Structures are given as C-alpha cells and as structure tokens.
Amino acid sequence: MGGRLARAFRNFNVESRARREISKEKPTPAPRHSTSRLDELTEHPGIQEEIYRKDDKLLTLLKDVYVESRDTPVRVKDGGGEHLPCKQEEKRLTKLGHLGDLDVKKVPKGKISIVEALMLLNNHKLHPQIWTAEKIAVEYSLELKEVNSLLEFFIPFTVQEFPKETKKAIKPT
C-alpha cells in the first residue's frame, strides 16, 4: 500500500514539474578569486630563475651522502612455497582410450584417468579371478588399499531391463 501511495505522489504532475525546472535560468557561478602567488611569479622573472637554477653547493652535499645499513638481513620464511612442486612428479603412460588425441597421455603415479578407471572396473566385473585387486594395483601403480575401496564403492554402469508388469489397471468406479 505504501509503495503505491509513494509512486502516485512521485508521478503526479511530472511533466509540468520538469518543464518548470528546465525553464529556470541557470545560476551564475561565483566569481573566481585571483591568486596573488601566481601573479607574483609571472611578474618577477628573477623568482623563476631562482626556482629553476641548480645550486652546486647543495648538489655536492647530496653526492656526499652515503647510507649504510647495519641491520641483519631479514630471512624470508620458507613455508610460502608449499604448494609448488619441488621435484618433477613421476608420471606413467596411460592405457589409451578410444578418443586418440583428446585422451590423457601421462598420469602421475598413484592416480588413474577416467578411461582407465572405467576399464579396470569393467575388467574386474567381467573377470574377477584374473583382475584381482593386487594385479590392478601393480598394473596401474596404485596402492592396494585404494584399489580395494575403488572396487568396493564404485560400480560401472549396467543396463538392467525390468520385465513389464502385467497388472491390470484399476478401473475407476
């Protein structure tokens, strides 16, 4: 309710109020104060020369100044570069998938690509006695504990067809 009332007052007679504001004469700006300092500089060329002249005495004194620091050098903390790799990580070549150039070529040891994960899960599902957790760990340079949890918790997609139900529809009464 309050918004409607405020909008009504705001929009009331907008055009005539706008014309009235536009038709008003512009206020004349206040006169600027003349600066006496700039006038003095332009009137007396001797002051200008004094400003731009080099003082040889002051220049020699400035050249003689030598600052010597006796503080011990500050050590930079070494912990700032934790996220930077110190050594080149060992990498292994992947078992390439079907995408060719788009596939990942090298993977750090202890990790696998998506294509490899799907392949090893499918191989273990089809032939569990051949593709054991130990063989997968050796083949893909993984830890046995991680392979066991991978095989336990990640299951590749399977297509399951459910039989069509032959129940008769309930007739409305």
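Heads up: the structure comes first, above all this text.
Residues numbered from 1 in each chain as written. Predicted model: local features only at pLDDT ≥ 70, side-chain atom pairs only at ≥ 80, totals over all residues. Heavy atoms only, no water.

Enquirer: It is not clear to me how the overall build of the protein chain should be interpreted in this structure. Could you clarify?
Expert: Helices and strands together make up the secondary structure of the protein chain, namely eight helices and two strands. Listed N to C, the secondary structure of the protein chain is α-α-α-α-α-β-β-α-α-α in terms of helices and strands. Burial status across the protein chain gives 12% buried among its 173 residues. Residue pairs in contact within the protein chain that sit at least 24 positions apart in sequence constitute 33% of those at least 6 positions apart. Counting every atom, the protein chain has about 17400 Å² of accessible surface; 58% of that belongs to carbon and sulfur. (Helix = DSSP H or I, 4+ residues; strand = E, 2+ residues; numbered from the N terminus. Buried < 20%, exposed > 50% of the residue type's maximum accessible area, 1.4 Å probe, protein only. Contact = heavy atoms within 4.5 Å. Areas by Shrake-Rupley, 256 points an atom, 1.4 Å probe, with all protein chains shown as cover.)

Enquirer: Explain the packing of aromatic side chains here, please?
Expert: Tallying each qualifying case throughout the model produces zero aromatic pairs. Sitting above the plane of the Trp131 ring, Lys135 keeps its charged end 4.5 Å from the centroid. (Phe/Tyr/Trp six-rings, centres within 6.5 Å; stacked < 30°, edge-to-face > 60°. Lys NZ or Arg CZ within 6 Å of the ring centre and 35° of its normal.)

Enquirer: It is not clear to me how the pattern of salt bridges should be interpreted in this structure. Could you clarify?
Expert: Should their charged atoms come close, side chains of opposite charge can pair. Scanning the entire structure with this criterion turns up three salt bridges. For Lys24, the salt bridge identified is with Glu21, shortest N-O distance 3.3 Å. With a shortest N-O distance of 3.1 Å, Glu50 and Arg53 are connected by a salt bridge. Overall, Arg53 belongs to the partly exposed group, its relative accessible area being 49%. (Salt bridge = Lys/Arg side-chain N within 4 Å of Asp/Glu carboxyl O.)

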